[in-house]
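Reading the structure
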Amino acid sequence: MISQVFILSSKGDHLIYKDFRGEAGRDAVNIFYEKVTALTGDQPPVVMNHKDLHFIHVRQGGLYWVATTTADSSPFTVIEFLNRLTALVKDYCGSLSEKSVQMNFALIYELLDEVVDYGYIQTTSSDVLKNFIQTEAVSSRPFSLFDLSNVALFGAETQQSKVAPSSAATRPIQSSREQGGKSEIFVDVIERMSVVIGSNGVVMKADIEGEIKVKCYMPSCSEMRIGLNEEFSIGKSQLRGYGSSVRVDECSFHQAVRLDEFDSNRILRLCPSQGEQIVMQYQLSDNLPSAPPFRLFPTIERDSGGRLLMYLKVRCDLPPKSTAINVCASVPVPKGSVSLSQELSSPDQSAELKQQSRAVEWKIPRFTGGTQLSALFKLEVPGLSSASMLEVGPVGLSFELPKLTATGLQIRFLRLSPVQPGPSQRWVRYVTHSDSYIIRV
């Protein structure tokens, strides 16, 4: 049983508040925020208590999504409910942000009225709710197919003559009237890399987690068929074909996915509901199909004036036609570092000494495969010693690789049956993110 649901901004502003049972006062909102901000560390506990009141929250879109209960409810049930509520709000409002919630507060209150009745969860299905939700979403940014400002485009790999911006899949599911009745399906293949590279250049750990995410803007679609690589295999015992196979260790599917053609033809069949759903999740541990995307060659020394010199050379081992974007290298430096001077290999790069995190951040907007960049950092560190030089590193890299998957997983085809009446578009996008990319120096 859920007593209250409320949404707070990162600054503690009250965006949404709904009391279902009257068991706790409105001061519970302030009590929760005081408990969260009083804790040290980046990750406060998901479940917290105050007297007989239990606070359960998740963090999505920079907002706190909180449910309170006085009963002995299962915290996992409430966490799952909050995650589904955020997915619903994202489907109906188009995006998760403070501005989006403020502009669509009436729609969110209507969703809460239908989803929860006197503290009891009724449904979180978009297909069921679309028959009851009447409020139209207010888009914070009008959708335009000609807005191609973002590099991560849909269709950039599969349809060279047609592309759609990454913002195309962030509009409300009820916006079909605004879009002239256009029917579209967006498929994202998203992977996250966790890599640790030793100071000798040897890969010590390499894990990949991926998912296939579908967002459907079609009013009715009886069946969708997604064809994966024919050489796709799960585990070492299922290697298929004679070419280079695409292998993962573990794989799980959405409950709506039918797998009768998966073993023979690597085809996923499902009837997608309107909104967003994760069709498949997979994992590959301790094995990268190709070389890590980045290599670092550092030189750390002290000059005659007592300054700390860091010469960093980064090589991008992606194919020449591929590009990494939003690359950021974070280098921990000794305590007491007071100033930074720099020499960068290109004018579009930037670097800054972050005193709070005690690190130098080197930002590279675009990094083309097969090239290398370098930077020379000179740090003023009072009382620099051999011991304090050991505080340098390890280097953490964050990046995004559009149009690329680390495992090699590809969508062979995306078919709808029966063929949809009127114009319809199918879009596919590939992207790989760094989850944790650590290079020891």
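What counts, and at which threshold
- Residues numbered from 1 in each chain as written.
- Predicted model: local features only at pLDDT ≥ 70, side-chain atom pairs only at ≥ 80, totals over all residues.
- Heavy atoms only, no water.
- Phe/Tyr/Trp six-rings, centres within 6.5 Å; stacked < 30°, edge-to-face > 60°.
- Helix = DSSP H or I, 4+ residues; strand = E, 2+ residues; numbered from the N terminus.
- Buried < 20%, exposed > 50% of the residue type's maximum accessible area, 1.4 Å probe, protein only.
- Lys NZ or Arg CZ within 6 Å of the ring centre and 35° of its normal.
- Pairing = 2+ DSSP bridges.
- Axes fitted to C-alpha atoms, helices over the stretch in contact; angles between N-to-C directions.
- Core = buried A, V, L, I, M, F, W, Y, C linked by side-chain atoms within 4.5 Å.
- Contact = heavy atoms within 4.5 Å.
- Salt bridge = Lys/Arg side-chain N within 4 Å of Asp/Glu carboxyl O.

This paragraph deals with the packing of aromatic side chains. Applying the stated criterion across every chain yields a total of 13 aromatic pairs. Ring plane angle 80 degrees and centroid distance 6.4 Å describe the contact between tyrosine 33 and tyrosine 64, whose orientation is recorded as edge-to-face. Separated by 31 residues along the polypeptide, tyrosine 33 in helix α1 (residues 28–38) and tyrosine 64 in strand β5 (residues 63–69) bring together distant segments of the chain. Owing to a relative accessible area of 8%, tyrosine 64 belongs among the buried residues under this scheme. Taken together, a centroid distance of 6.2 Å and an interplanar angle of 70 degrees make the contact between phenylalanine 232 and phenylalanine 262 edge-to-face. Of this pair, phenylalanine 232 sits in strand β11 (residues 232–234) while phenylalanine 262 sits in helix α6 (residues 262–265), and the two are 30 residues apart along the sequence. Judged by its relative accessible area of 0%, phenylalanine 232 falls in the buried class. A connected cluster of aromatic rings, assembled from ring pairs, spans Phe6, Tyr17, Phe32, Tyr33, Phe55 and Tyr64. Lying across the ring of tyrosine 118, arginine 21 places its NZ or CZ 4.2 Å from the centre. Its end group placed over the ring of phenylalanine 262, arginine 266 keeps NZ or CZ at 4.6 Å from the ring centre.

If you trace the three strands from one edge of the open sheet to the other, you get β14-β10-β24, paired in antiparallel fashion. Because the sheet does not close on itself, it has two edges, and the strands there are β14 (267–270) and β24 (411–417). Between one strand axis and the next, the sheet turns through 15 degrees on average, direction left out of account. Across four bridges, the pairing between strand β10 (residues 223–228) and β14 is antiparallel.

With that out of the way, let us pick up the nonpolar core. Ranked by size, the top nonpolar core spans 41 residues in total, and within it Phe294, Met310, Trp362 and Phe367 carry the most contacts. The element that contributes the greatest number of residues to this core is strand β17 (residues 308–316), accounting for five residues. With residues near it in sequence (within four places) discarded, methionine 310 still touches Thr299, Ile300, Val331, Val333, Val360, Ala375, Leu376, Phe377, Leu379 and Val392. Judged by nonpolar contacts, the second largest core, of 34 residues, contains Phe81, Leu96, Ala137 and Ile173.

What follows covers the pattern of salt bridges. All told, the structure shown has 20 salt bridges when counted by the stated rule. Glutamate 261 is the salt-bridge partner of arginine 225, the closest N and O atoms lying 2.7 Å from each other. Taken together, the positions of arginine 225 in strand β10 and glutamate 261 in the loop between β13 (250–253) and α6 put the pair 36 residues apart, joining distant regions of the chain. Across the pair, glutamate 261 and arginine 225 agree in class, each one buried. Between glutamate 352 and lysine 354 there is a salt bridge; the shortest N-O distance is 3.4 Å. Glutamate 352 sits in the partly exposed class, given a relative accessible area of 43%. One continuous salt-bridge network, built from bridges that share partners, spans Glu223, Arg225, Arg258, Asp260, Glu261 and Arg269.

The amide bond that connects glycine 393 to the next residue, proline 394, takes the cis arrangement and shows omega of -5 degrees. Structurally, proline 394 is set in the loop between α7 (386–389) and β23 (395–402). Positive phi outside glycine occurs at lysine 403, with the angle close to 60 degrees. Residue placement: lysine 403 occurs in the loop between β23 and β24.

In terms of burial, strand β1 (residues 4–8) is a largely internal element, five of the five residues being buried. As judged from the five bridges shared by β1 and β5, these two strands associate in the antiparallel manner. The residue of β5 that forms the bridge with valine 5 is alanine 67. The antiparallel hairpin formed by β1 and strand β2 (residues 14–19) contains five residues in its connecting segment, where glycine 12 sits at a positive phi of about 90 degrees.

What follows deals with the pairing of strand β22 (residues 372–380). Look at any regular strand and the pattern is simple: side chains alternate between the two faces of the sheet. Direction of pairing for β17 relative to β22: antiparallel, over a ladder of eight bridges. Residue pairing across strands places leucine 309 opposite lysine 378, the latter belonging to β22. For strand β19 (residues 339–344) and β22, the ladder comprises six bridges, and the chain directions are antiparallel. What sits directly across from leucine 344, in β22, is alanine 375.

In short, the description is geometric, and any link to function would need to be established separately.
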